[in-house]
Amino acid sequence: MANRPSSTSFDHDSSDLFGVEDAGSDRISVLLPLPLSGAYDYLASENLAVKPGDFVVAPLGRRLVVGVIWGEGDPGGVAEEKLKPIEAVLDAPPLPKANRDFVDWLSAYYLAPPGAVLKMAMSVQAALEPPAPKTGYAAVEPDILLQREAEGVRMTAARQKLLAAAADRVAEPAADLAKAAGVSVAVVKAAADAGLLRRVSLVEQYPFSTPDPSLPGPELNDEQEQAAGILREMVRSGSFDVALLDGVTGSGKTEVYFEAIAATLEEGRQALVLLPEIALSAQWLRRFEERFGVIPAEWHSDLTAAQRRRTWRGVAEGKVRCLVGARSALHLPFPDLGLVVVDEEHESAFKQEDGVHYHARDMAVVRGRIADCPVILASATPSLESLANVEAGRYRRLVLPERHGVAEPPTIQIVDIRKDKPGRQEWLSPTLRQALESTLAEGEQSLLFLNRRGYAPLTLCRTCGFRLACPNCSSWLVEHRFARRLECHHCGYTTGQMQTCPSCGDTDSFAACGPGVERLAEEVAAFLPGAAIEIVTSDTLHSPFQAAAFVDRMTAKEIDIVIGTQIVAKGYHFPMLTLVGVVDADLGLNGGDLRASERTYQLMQQVAGRAGRAGRPGRVLLQTANPDAPVMQALASGDRDAFLEQESAMRRDFGFPPFGRLAALIVSGPDERAVEAVSRDLARQAPRPAGVQVLGPAPAALALLRGRHRRRLLVKAEKGVSMQKVLADWVASFRPPGQTRIAVDIDPYSFL
Ligand SMILES: [Zn+2]
Ligand SMILES: [Zn+2]
Ligand SMILES: [Zn+2]
């Protein structure tokens, strides 16, 4: 992990040494990307000039760790003679002040160790080293060639081919030259050894082409033009401001915020766009390219190590002008951030649930405030959190109405499956079946939406009732019939299919319970044998290439019926897709999550938005056993605002977010008794200041997860209370024994 710097790291100008007047102390504080309680003090040796933000190599125990200079040291801290000197300064652009402030802010808000937050900002250690020069091969002067021949160097046919090619080309890596000449790399290298080619050092080029804001964008209608004008103005004013861009699917939000990006590029500043599930944004990238002539830099988990290194460095050096990425892009070291856009701001995918728990949409706003630049939150179904901020006057709201002729809203019909019953061991109502049949007959496409991967969510023994459960979690094993295995969707545990019941020993007694997408595909194939069916889940579609190939198959009409999970609900537009069937609209409503209705509404609305395009009205059928639930009524009537009003009122009454504050404490560990004892102690010592309520402990919904037992406490506070202070005083003083841990989740979204 420790990087030994090259000698070039040492020749910094010593005049930028800070703290010189500080009584001659060379004490500096260095934050290391480790979950420690804070920054450590080191000595800046005299021949090593440093400034805040510099990446430095510092000793920690017996190893060397790369960290960041955070500021001056604490003269009242560890005695100076005990401090260790830092070893070296890396030759990388310093971490900008805005990033350092962001680390401190996020750490304080989410009660996470600052080093753990810093780790997200320096996730690409290799980028801190200057790129290694590559060797290039180039032609030599003709008289040198003659001289070599005179010396007796052999001129084979391959060498002649090679030299002819090299004569017309600039210096390039051996592999490229070999390919151009139609010879092997060995021939290129041997020719250079024989003095027939020159070796030169190539400086690595950054393959980032600059987006061109001056290209003509698409024609905007009056409403779009008006919103774009406001956003451009926000960008030009160059200060912090938040706009909620609220427009139904097909209202042209993307084109509108593209104009804000154009203004940012014109100002010569950098723009950042956050999208959920970036892997699926092939269509988004294409639109960006249409507007700006090039594809923007990308940041997501599918990048190779080399791409990550180049991109991180390109951002830090200001060469990347616009970057689109998943939530972790928020931590990249933009030196001149001029705009942050969060598209699909309502998405729960922006909440990070492992490592440091944070919400990227909320932190994007903080990032904008620290960088003093505008932030745009875009959504067709804005979150109650953002709407409450609009109401409180903190955000402005720009509403885009739907564009006529581009997309007509689909008709949404509720199917009451208590009356319109599917057959035994079947999941599609007669109404939905009929709709699928007629859509197929019309030569149009359908989407069946079921948010359940695999074949069946539960497998039980018909003889004794035994259910196949995960050994590490309190959850059932999901059968994946195509892959011939059982899988836990919480911890990833897998096992082969079983013939014999481990409880009663009966053979072939297992039965699948409930539907997954695979089982649904079986049902559809049985009654529409001629249809081309494709299953689309995160199991089948996990790279941008696969996503693009799927889009191509849909567009080419090689697929009649898509059966998919929420992965298909995101942003695809298929002109021939006219029917959407939601197999179980109630699925998200179970589980007692405070956002269950809101989330169901957003998801259903998003899925519904897939149906119908210009000239082809779409139709959506929602199968539900709760046709009278407010969320179903709101979906059927299309009255979004009434639904949000009602949801808001309910949350306000209960003092839930965004009208009150919430934090979760999860106590977990391998020893159930210890976990139980710690959670009871925590509850007993809970502070009870006015306006704060501590609920629990109660077993978490997943009382066992990855082999750890879990208890949950919920802290509910009034809006004005500093939750962090209450929690810090209480939890920080708590030292759970052994492997028991207390995790704090501020503003929790998952209630598992
Ligand atoms: Zn699975
Ligand atoms: Zn059994
Ligand atoms: Zn599990």
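To keep things clear, this report deals only with the structure shown in the data block. None of these values were measured; they are calculated from a predicted model. (Residues numbered from 1 in each chain as written. Chains lettered and ligands numbered in written order. Predicted model: local features only at pLDDT ≥ 70, side-chain atom pairs only at ≥ 80, totals over all residues. Heavy atoms only, no water.)

Some points on the coordination of the zinc ion (ligand 2)
Thought 1: Donor atoms from the polypeptide that coordinate the zinc ion (ligand 2) comprise C461 (SG), C464 (SG), C501 (SG) and C504 (SG), at 2.2 to 2.4 Å from the metal.
Thought 2: For the zinc ion (ligand 2), the four donor atoms in the first shell make angles of 108 to 113 degrees at the metal, so the coordination geometry reads as tetrahedral.
Thought 3: Binding-site remark: the zinc ion (ligand 2) is held by donors from one chain whose sequence spacing is C-x2-C-x36-C-x2-C.
Thought 4: For C461, a relative accessible area of 1% puts it in the buried group.
Thought 5: According to the relative accessible area criterion, C464 is partly exposed, its value standing at 36%. (Donors = N, O, S within 2.8 Å, 3.2 Å for Na, K, Ca; no water. Tetrahedral: all angles 85-135°; square planar, octahedral: opposite > 155°, others 65-115°. Buried < 20%, exposed > 50% of the residue type's maximum accessible area, 1.4 Å probe, protein only.)

A closer look at empty space enclosed by the protein
Thought 1: Inspection of the entire model under this criterion finds two cavities of 30 Å³ or more.
Thought 2: What the largest cavity holds in volume is close to 60 Å³.
Thought 3: Counting residues per element, the lining of the largest cavity draws most heavily on helix α16 (residues 596–608), at three residues.
Thought 4: A class-by-class count of the residues in the lining of the largest cavity yields one nonpolar, four polar and four charged.
Thought 5: Of the voids in this model, the second largest cavity is the one considered here, and its volume is about 30 Å³.
Thought 6: Taken together, L447, F550, V562, V568, F574 and L577 make up the lining of the second largest cavity. (1 Å grid on protein atoms, 1.4 Å probe; cavity = no way out; pocket = protein on both sides within 12 Å on 5 of 7 lines; lining within 4 Å. Points joined across faces, edges and corners; volume = space filled by probe spheres on them. Helix = DSSP H or I, 4+ residues; strand = E, 2+ residues; numbered from the N terminus. Nonpolar A, V, L, I, M, F, W, Y, C, P; charged D, E, K, R; others polar.)

A look at the sheet that holds strand β4 (residues 63–72)
Thought 1: Spatially, β2-β1-β4-β3-β5 is the arrangement adopted by the five strands of the open sheet, whose pairing is antiparallel. Each end of this open sheet is capped by a strand with a single partner; those strands are β2 (40–43) and β5 (88–89).
Thought 2: Relative to β5, strand β3 (residues 55–60) runs antiparallel, the two being bridged by two bridges. The residue bridging V56 from the neighbouring strand is V89, located in β5.
Thought 3: Sheet contacts for helix α1 (residues 97–110): β1 (27–31) and β4; angle to β4, the most-contacted strand, approximately 95 degrees. (Pairing = 2+ DSSP bridges. Contact = heavy atoms within 4.5 Å. Axes fitted to C-alpha atoms, helices over the stretch in contact; angles between N-to-C directions.)

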